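# Structural overview
Here is how the chains run, residue by residue.
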Amino acid sequence: MLTTLQTSYTDTRAGDLAWCLGKDPLPALAELGVEVGEAPGLRAKVELRLLGASHQVLVDAGNGGCSETVACMPGSQAPLPFGVARRVGSWDYEFAARIETLSQGSFAGRAQELLALVADHPHGLAGTFPGDPHAFTAMLVQCTEGSVRWRTWHAYPQEGRLVTTRTRVSVAAA
């Protein structure tokens, strides 16, 4: 699903993104709820939430939930990590982030490619900002091999920077 976010585009920076686990649901500009999973394996309810220049993912598979937020959070002391692995309740959680700097032409092409990938995907949500067609946040979720996985992209055309995250959660071994 592709939507235009009803908010003004503010000049944020990729370096301002912070990461947080366990945050309660925040007000969203766009949401997509999906059920993903394999029969008879893991089935999960996932809520993808666009929070302006950021995202929040809420996962519930009936054995406790997991919440991930990547956002420009004023006063946050938790910068965006390049990698995290930890136990969150009954989940094993893995997170990775990467920041790319692209030329203007490469950035525009990559933005179009990513928006096309997510726009028509049944488990994808993307929001563009008014005023710049290459300013967007996009998310895509799937369930494979007993885990829920999602990828996100945060585009900062004024810097030529693209922040990509990958997350995997799976039921922790006993």
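Only a predicted model underlies this, so the values are computations on that prediction, with no experimental measurement involved. (Residues numbered from 1 in each chain as written. Predicted model: local features only at pLDDT ≥ 70, side-chain atom pairs only at ≥ 80, totals over all residues. Heavy atoms only, no water.)

### Quick look at the packing of aromatic side chains
- Going through the model one piece at a time under the given rule, you end up with two aromatic pairs.
- On the numbers, 6.3 Å between centres and 35° between planes, the contact of tryptophan 19 with tyrosine 93 is tilted. Highlighted residues: tryptophan 19 in strand S2 (residues 18–21) and tyrosine 93 in strand S8 (residues 91–101), separated in sequence by 74 residues. Each member of the pair, tryptophan 19 as well as tyrosine 93, is classed as buried.
- Judged by centre distance (5.9 Å) and plane angle (35°), the ring pair of tryptophan 19 and phenylalanine 95 falls under tilted. Placement of tryptophan 19 in strand S2 and of phenylalanine 95 in strand S8 is noted, with a sequence separation of 76 residues between them. The same class applies to tryptophan 19 and to phenylalanine 95, which are both buried.
- Here a set of aromatic residues connected by ring pairs shows up, and it is made of Trp19, Tyr93 and Phe95. (Phe/Tyr/Trp six-rings, centres within 6.5 Å; stacked < 30°, edge-to-face > 60°. Helix = DSSP H or I, 4+ residues; strand = E, 2+ residues; numbered from the N terminus. Buried < 20%, exposed > 50% of the residue type's maximum accessible area, 1.4 Å probe, protein only.)

### What to know about the state of the cysteines
- Inspection of the entire model under this criterion finds zero disulfides.
- Of all cysteine sulfurs, the one in cysteine 20 lies closest to cysteine 66, which takes part in no disulfide; the gap is 11 Å. (Disulfide = S-S within 2.5 Å.)

### Considering the side chain of threonine 164
- Within the secondary structure layout, threonine 164 lies in strand S12 (residues 161–171).
- Look at threonine 164 and you get buried, because its relative accessible area is 4%.
- Other than its neighbours up to four places away in sequence, threonine 164 contacts Ala96, Ala97, Arg98, Glu100, Arg151, Thr152 and Trp153. (Contact = heavy atoms within 4.5 Å.)

### Side note on the sheet that holds S2
- Reading across from one edge, S2-S6-S5-S4-S3 is the order of the five strands in this open sheet, with antiparallel pairing throughout. Unpaired on one side and paired on the other, S2 and strand S3 (30–37) mark the two borders of the sheet. Within the sheet, the average angular offset between the axes of one strand and its neighbour, ignoring direction, is 15°.
- Where S3 lies against strand S4 (residues 43–50), eight bridges are found, and the strand directions are antiparallel. Across the sheet, residue glutamate 35 finds its bridge partner in S4, namely lysine 45. (Pairing = 2+ DSSP bridges. Axes fitted to C-alpha atoms, helices over the stretch in contact; angles between N-to-C directions.)

### Notes on the pattern of salt bridges
- For the structure on display, the rule yields seven salt bridges.
- The shortest N-O distance in the salt bridge between arginine 110 and glutamate 113 comes to 2.2 Å. One end of the pair, arginine 110, and the other, glutamate 113, are both in helix H1 (residues 104–119), three residues apart, so they sit about a helical turn from each other.
- When its relative accessible area of 24% is taken as the criterion, arginine 110 is described as partly exposed.
- Relative accessible area serves as the criterion here: at 47%, glutamate 113 is assigned to the partly exposed category.
- Among the charged side chains, a salt-bridge network with shared partners connects Glu31, Glu47 and Arg49. (Salt bridge = Lys/Arg side-chain N within 4 Å of Asp/Glu carboxyl O.)

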